[in-house]
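One letter stands for each residue in the lines below.
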Amino acid sequence: MQTQTLERMESNVRTYSRSFPVVFTKAQNARLTDENGREYIDFAGAGTLNYGHNNPHMKQAMIDYLSTDGVVHGLDMWTNAKRDYLETLEEVIFKPRGLDYKVHLPGPTGTNAVEAAIRLARVAKGRHNIVTFTNGFHGVTMGALATTGNRKFREATGGILTQGASFLPYDGYMGEHTDTLDYFENC
Ligand SMILES: Cc1ncc(COP(=O)(O)O)c(C=O)c1O
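Note that the structure is predicted; figures quoted are calculated from it, not measured. (Residues numbered from 1 in each chain as written. Predicted model: local features only at pLDDT ≥ 70, side-chain atom pairs only at ≥ 80, totals over all residues. Heavy atoms only, no water.)

**As for the overall build of the protein chain**
Here is step 1: Along the backbone of the protein chain there are nine helices and five strands.
Here is step 2: Helices and strands appear in the protein chain in the N-to-C order α-α-β-β-β-α-α-α-α-β-α-α-β-α.
Here is step 3: The C-alpha atoms of the protein chain give a radius of gyration of 21 Å, which is well past the 16 Å a tight globule of 187 residues would have.
Here is step 4: Principal-axis analysis of the C-alpha atoms gives the protein chain an extent of 55 × 50 × 35 Å. (Helix = DSSP H or I, 4+ residues; strand = E, 2+ residues; numbered from the N terminus. Rg over C-alpha atoms; globule rule 2.2 N^0.38 Å.)

So, in structure tokens, the structure goes:
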């Protein structure tokens, strides 16, 4: 497995590849293949758990869109792709459930969604503090990092303090004789 270039050139800001140092070359549905031809079932990739890797319907739709020179980078400007997406979301998900929701489209990472959720909660509640639970991982931007349970990630900020979160144990984490909900309510 050729990993020298990856180790030499990629910054140290990486996580999963440290514990799983293989080079993947192919992905189809639930399976990933590394460059030695070994197959793995992917239990981890966020979006791929829902749709699989290179889902054939999605893949074809993306090829069709690209082949028309559809806009891929549009900042937050309006595009026909965004309109089609919102109309489909409304027809398929919202209307059948009687939901009258606004949509916030963050950047394409988990941590962007977490940042948006934190801000929305703070504005809606008028309070600052976020409660976060044992060993949670929410991403590496500053707001999401403040709510990340694992100290190793929080300490990798170059000395900037992360603030605005209280850390509480999951149910059962303190043993069977401690009711963590009581603890939560009395904090
Ligand atoms: C639960 C959870 N939230 C947020 C994130 C951050 O996502 P991203 O790395 O796309 O910013 C992850 C990534 O592993 C995650 O597992």
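The discussion continues.
**Considerations on the sheet that holds strand 3 (residues 39-41)**
Here is step 1: Strand order in this open sheet of three strands is 1-2-3, and the pairing throughout is antiparallel. Whereas interior strands pair on both sides, the edge strands pair on one side only; in this sheet they are strand 1 (24-28) and strand 3. Taken pair by pair, the neighbouring strands of this sheet meet at an average axis angle of 25 degrees, ignoring direction.
Here is step 2: Pairing geometry for strand 2 (residues 31-34) and strand 3, over three bridges, is antiparallel. Paired with Arg31 across the bridge in strand 3 is Ile41. (Pairing = 2+ DSSP bridges. Axes fitted to C-alpha atoms, helices over the stretch in contact; angles between N-to-C directions.)

**Some words on the packing of aromatic side chains**
To describe a pair of aromatic rings, one takes the distance between the centres and the angle between the planes.
Here is step 1: Within the structure shown, the criterion is met by seven aromatic pairs.
Here is step 2: The interplanar angle of 80 degrees and the centroid separation of 5.9 Å between the aromatic rings of Phe133 and Phe184 together place this pair among those described as edge-to-face. Taken together, the residues Phe133 in strand 4 (residues 130-133) and Phe184 in helix 9 (residues 180-186) connect sequence positions 51 residues apart.
Here is step 3: A relative accessible area of 35% places Phe184 in the partly exposed class.
Here is step 4: Judged by centre distance (4.9 Å) and plane angle (50 degrees), the rings of Phe137 and Phe153 are tilted. (Phe/Tyr/Trp six-rings, centres within 6.5 Å; stacked < 30°, edge-to-face > 60°. Buried < 20%, exposed > 50% of the residue type's maximum accessible area, 1.4 Å probe, protein only.)

**Some words on the domain arrangement of the protein chain**
Here is step 1: Its domain assignment divides the protein chain into domain 1 (1-70), domain 2 (77-106) and domain 3 (110-186).
Here is step 2: Relative to domain 2, the C-alpha centre of domain 1 lies at a distance of 28 Å. (Domains from an automatic or database assignment.)

**A short note on the site of the ligand**
Here is step 1: In the vicinity of the ligand, the contacting residues are Tyr16, Thr109, Gly110, Thr111, Phe137, His138 and Gly139.
Here is step 2: At a separation of 2.8 Å, an oxygen atom of the ligand approaches a polar side-chain atom of Tyr16.
Here is step 3: Contacts to the ligand include Phe137, whose backbone N or O atom sits 3.3 Å from a nitrogen atom.
Here is step 4: Protein chains bury 53% of the 390 Å² of accessible surface belonging to the ligand in isolation.
Here is step 5: Of the residues that constitute the shell around the ligand, the class distribution is two nonpolar, five polar and no charged. (Near = heavy atom within 4 Å. Polar contact = N/O pair within 3.5 Å; in protein donor to acceptor, adjacent residues only side chain to side chain. Areas by Shrake-Rupley, 256 points an atom, 1.4 Å probe, with all protein chains shown as cover. Nonpolar A, V, L, I, M, F, W, Y, C, P; charged D, E, K, R; others polar.)

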